[in-house]
Every structure is written in C-alpha cells, then in structure tokens.
Amino acid sequence: MAIVRLRGQLEKLAGGESELDVEAGTVTELLQQLEQDHSGLEGWILDERGELRRHINVFVNGEPAEPDTAIEDKDKIEILPAISGG
Amino acid sequence: MTELLVGTRKGLFVLEGERGSRFEVKIRAFVGEPVDYAMRDARSGRLFAAVTSPFWGPRIWFADDLEDEWQPARGVALPRGGKDALKRVWVIVPGEAPGLVYAGGDPGVLFESRDDGETWELNRALWEHPTRPRWRRDSGGLSVHSIVPWPGDPQRLALAISAAGVWLTEDGGETWAHGNEGIVADYLPEEARPTAIDLCVHHLERAQRRPERLFLQFHGGVYRSDDAGASWTDIADGLPHDFGFPVVLDPADPDSAYVIPVTTADRVTDGRVVVYETRDAGATWTPRDDGLPQGDAYLSVLRQSFAAAGEGDALELYFGATSGEIFGSVDAGRSWFGVAQRLPSIASVRPA
C-alpha cells in the first residue's frame, strides 16, 4: 500500500483524512482508486477525460512523478498545486 | 442598503452600500481565484459562485449565508471518459419551478439542478445535439452565457451560445431549436450567412412583462425579437457602435433596454463611457452619461458585468469594468456615481 498525504481542500473532500492507504501500480491508477474510495474527490485531481489537471503536481517520495510512474509498497505520495502566480 | 456580488479575476468581492453612495467591501471569498460569476437566488437567499480554479478546475460553490463556509456543488461536469472537460461556468440562473436552477458553461453546456443548486445534471439533449460539430469557439470559448426562463413556465427557456446562436425549448429542455432568423453575421461570407449556425451572440435578455420579447447584443448588431426568439430585427440604428457585450432591461418596461457600445476594433469604450437607453423597443436610443467618465476612458465591460435591481423609476443599474471600477445609477440611468474602484479585473456584477 502507498501512503497518500492530502492537504487543504483535498483533505476536506476526503472527509478530513490527511493520510490514506491506497493500493495501485501507477500514479494514474492511484488517483483513480483515490476517487473510487472517496467520491468527494471525483473531478478534483483528474478531469472528466481522466487526465491529471494541468496545474496539479504529484510527487512520489519527494520526486516529481508522471501519470505512468510506478508506485511501490510504502511509497509516499503528495498531490499539490503547482507554482503559479500573476 | 444594496449588496453587490462582484466576480473578479482574484476572487469574489461582496460590496455593500447605501443607494447613491460609494460602497465598501464587506466580505471577500475565493481569494486569488477567478470568480467568473456570482449571484444570490432571491427565492432561497442562497449564494452561488462559479469559480475556475487553475488547480482544481471549474466548479459551482454555494453558501446560505455570507458567513457560512462555501460548499462545492456536485455533478457540474461533463460525462466521464469523453474527449472534453468542462472549462468554465459562465452563468447561474434561477428557474421557474421550486428548487430549479440552471447553469451555463463552456463547452456549450447547460446544467440543471432541482435541489436549489446542490446537485446538477447535464442537459443531454443540448450536449448531444447533432449540429454541435458546427458550433464554433470564439475568443472567450464555446459558452452558454445567457439563460432566460419564461416567467411562470418551466417548460420554455431560451439560451444564447457564443458562437452557436440562440436556442429555444418548449418542453423543458427535451428538445432544442434554433432561433436565429434575421441575425446577420457580417464576419462571415455573404454566401454563408443564411445557413450560419456559428452566430456570436454576446448576451440575451427577456422582457419580464412581455416574455415573447427578447433583446440581444450581437457581435456586431443589437437585435429585438417579438416572437419568443424565432426571428430578430436589428435595432442598432442610432447607436455610435453596434458592438458591445451586455444588455440589461427594466423589468417594468418591455420596451426598455440598456447597452454599453464599444468600438469594434478594440472592444473598449471610445474614450467616453456612455450607457445607451431605449424606451421604445430600439426605435431610438438616448445616451446616459451624467456622472460617467467623459475623457480618456477606455473601459472593457464584459457580458456579465452589467445588471439591474428594482424596476421603473427606482431601477438601479450597476456595471463593472476590467479596470476594476464599478459605476451605479439609482434613477434608471439618468445619473451615475462611482460605486467602487481599484478592484481586480471584473468578470461579473450582480445585485443581491
């Protein structure tokens, strides 16, 4: 199981849980599973096409990850808004 | 006391003030996020905000009191697994049945709620309309930006889409028909105009006391319909420019309309800010500029940034510009005053 850390709005949408255990093989599978387990998150991280929203970054063990990045047992996942401004 | 809900590029500003005086910022919400539209449903008192988060996507939020925590509505999304994603919610409008609320968005979509805006469903008939491949995105997207119910009849509704013209339903949204006869798109070749569907309507409003009458501001032209939107007559003669975005009506007077002409070239006022009023259904137009900037004023007033409250001699009018200024009138446009300034770029203004 990977450990997903949620903050802010995502934590609220997940019922106040800041850490969740999720079983998945890749980042995309993990995000899909997250939505299935917590329907309040549906559409917030992945859009209707199933694509990661443009200004959301996923980190695996502190490293930026891609949708097809493999997830291993006990990996630590963070889902964060990207740097932006202006 | 008047309350104004102001959607800006940097959040929702709720302003409050006495009629005719400068307003103060009472509350801010969604700080730093684009709020494309905000309104209060007079039936329930519920507040709505359409927020396009650069991170979490477009969403409708609601709150029953300004002091309450805003809640995200459910179901404001396109079908999952398709090729499109919702880009923006442009407008939220109370319907003509208890709990019924409509929302319009990009890409050319209508949502319906029957529980005062907590959950929403996509109108499938419009989404799956066979002409959809011929609809065209304009610079603002492919937007359902105007939704005008028929007073007292939830089965009848008109929409305007940029750029896909006027749409009419008489069966509560089960089927949709065009209402474009008479609208001339001079940005198309003459040969293409008679059958054009990619008509860039900027704003549509219905006369409340004569619902078969509608007014629309077009991408070059101001039009009136007296047959519920089936056909249209150009009434722009007498205006300095036929280009503009919003149109506002006095609910008490079906012959009334207000527009803010801007130049075709740059889509801003031509150095003077002038609201034009008709009280004879567009036969003549009267400039209303007392109290408005009359020199070096190049304002951009977007389609949702001009609104009315009250009616008749007590009609209040408010409009905001992308420069962050808001102007108001409490005498149906005869004189104007500064409501607020130095706000972020304004996308919508709605009196509560």
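Positions within a chain are numbered from 1, following the residues in the order the chain's sequence is written. Following the order in which they are written, the chains are lettered starting with A and the ligands numbered starting with 1. A pLDDT threshold of at least 70 governs which residues receive local features in this predicted model, and a stricter bar of 80 or more applies before side-chain atom pairs are shown or counted, although totals over entire chains, interfaces and linings include all residues.

## Considerations on the overall build of chain B
Next up, step 1: Here a helix means four or more residues in a row that DSSP labels H or I, a strand means two or more in a row labelled E, and each is numbered from the N terminus. Per the secondary structure count, chain B includes 1 helix and 28 strands.
Next up, step 2: Each principal axis of the C-alpha distribution contributes one length, and for chain B these read about 50 × 50 × 35 Å.
Next up, step 3: Exposed residues have 12 or fewer other C-beta atoms within 10 Å of their own C-beta, buried residues have 20 or more, and residues in between are partly exposed; the C-beta atoms are placed from the backbone. Relative to its full complement of 352 residues, chain B shows a buried share of 48%.
Next up, step 4: For the purpose of contact definition, each residue receives a C-beta atom placed from its backbone, and two residues are in contact when these atoms lie within 7 Å. In chain B, of all internal contacts separated by at least 6 residues, the share reaching a separation of at least 24 is 50%.

## What about the overall build of chain A?
Next up, step 1: Within chain A one finds 2 helices and 5 strands.
Next up, step 2: If you list the helices and strands of chain A from N to C, you get β-α-β-α-β-β-β.
Next up, step 3: Radius of gyration (C-alpha) of chain A: 12 Å, near the 12 Å computed for a compact globule of 86 residues.
Next up, step 4: The C-alpha extent of chain A, read off along each of the three principal axes, is 40 × 25 × 25 Å.
Next up, step 5: When the 86 residues of chain A are sorted by exposure, 28% land in the buried category.
Next up, step 6: Here the analysis covers contacts within chain A between residues at least 6 apart in sequence; of these, 47% occur between residues at least 24 apart. Only the C-alpha atoms count toward the radius of gyration. The rule for a globule is 2.2 Å times the residue count to the power 0.38.

## Brief notes about the pairing of strand 28 (residues 346–351) of chain B
All names here are of chain B.
Next up, step 1: Across the 6 residues of strand 28, 5 count as buried, placing the element largely inside the fold.
Next up, step 2: Bridge analysis of strand 1 (residues 2–8) against strand 28 gives 5 bridges, and the strand direction is antiparallel. From the neighbouring strand, Thr8 faces strand 28, where its bridge partner is Ile346. Between any two strands, at least two bridges found by DSSP are needed for them to pair.

## Topic: the sheet that holds strand 24 (residues 306–309) of chain B
All names here are of chain B.
Next up, step 1: Here 4 strands make up an open sheet; going across it, the order is 24-25-26-27 and the pairing antiparallel. At either end of the open sheet lies a strand with only one pairing partner, and these are strand 24 and strand 27 (337–340). Taking the axes of each pair of neighbouring strands and ignoring which way they run, one obtains an average angle of 25° across the sheet.
Next up, step 2: The pairing of strand 25 (residues 316–320) with strand 26 (residues 326–329) spans 4 bridges and is antiparallel. Interaxial angles span 0 to 180 degrees and are taken between N-to-C directions of axes, which are lines fitted to C-alpha atoms, for helices over the stretch in contact.

## Regarding helix 2 (residues 27–37) of chain A
Residues and elements named next belong to chain A.
Next up, step 1: Residues of helix 2 that are buried include every one of Val27, Leu30, Leu31 and Leu34, and no others. All buried residues of helix 2 fall inside an arc of 95° around its axis, so they share one side.
Next up, step 2: Buried positions along helix 2 lie against strand 1 (2–5), strand 2 (19–22), strand 3 (56–60) and strand 5 (76–81). An arc is given here, and it is the one of the directions from the helix axis to the C-beta atoms.

## Regarding the nonpolar core
Next up, step 1: Here, a nonpolar core denotes buried Ala, Val, Leu, Ile, Met, Phe, Trp, Tyr and Cys residues that are linked to one another through C-beta atoms within 7 Å. If you look at the biggest cluster of nonpolar residues, it comprises 102 residues, and the most contacted ones within it are Ala49(B), Ile60(B) and Ala103(B).
Next up, step 2: Apart from the residues lying within four places of it in its own chain, the contact partners of Ala49(B) are Leu12(B), Ala29(B), Phe30(B), Val35(B), Ala38(B), Trp61(B) and Trp70(B).
Next up, step 3: Counting residues in hydrophobic clusters, the runner-up holds 22 residues, among them Leu6(A), Leu20(A), Leu46(A) and Ile79(A).

## So, the interface of chain A and chain B
Next up, step 1: Taken together, the contact pairs 12 residues of chain A with 14 residues of chain B.
Next up, step 2: A breakdown of the residues in the side of chain A that touches chain B according to their chemical character gives 3 nonpolar, 5 polar and 4 charged. When residues are grouped by polarity, Ala, Val, Leu, Ile, Met, Phe, Trp, Tyr, Cys and Pro land in nonpolar, Asp, Glu, Lys and Arg in charged, and all others, Gly among them, in polar.

## Details of the sheet that holds strand 28 of chain B
Residue and element names in this part refer to chain B.
Next up, step 1: Strand order in this open sheet of 4 strands is 3-2-1-28, and the pairing throughout is antiparallel. Taken across any chain shown, the strands that pair with only one partner, and hence form the sheet edges, are strand 3 (24–29) and strand 28. Across this sheet, the average inter-strand angle for adjacent strands is 20°, counted without regard to direction.

## Here's the deal with the environment of Gly8(A)
Next up, step 1: For Gly8(A), the location among the structural elements is in helix 1 (residues 8–13).
Next up, step 2: Remark: the alpha-carbon pair of Gly8(A) and Trp44(A), spanning 36 residues in sequence, is separated by 12 Å.

## Examining unusual backbone geometry
Next up, step 1: The step from Asp106(B) to Pro107(B) runs through a cis peptide bond, and the omega angle for that step is 20°.
Next up, step 2: In this structure, Ala281(B) is a non-glycine residue whose phi angle is positive, near 65°.

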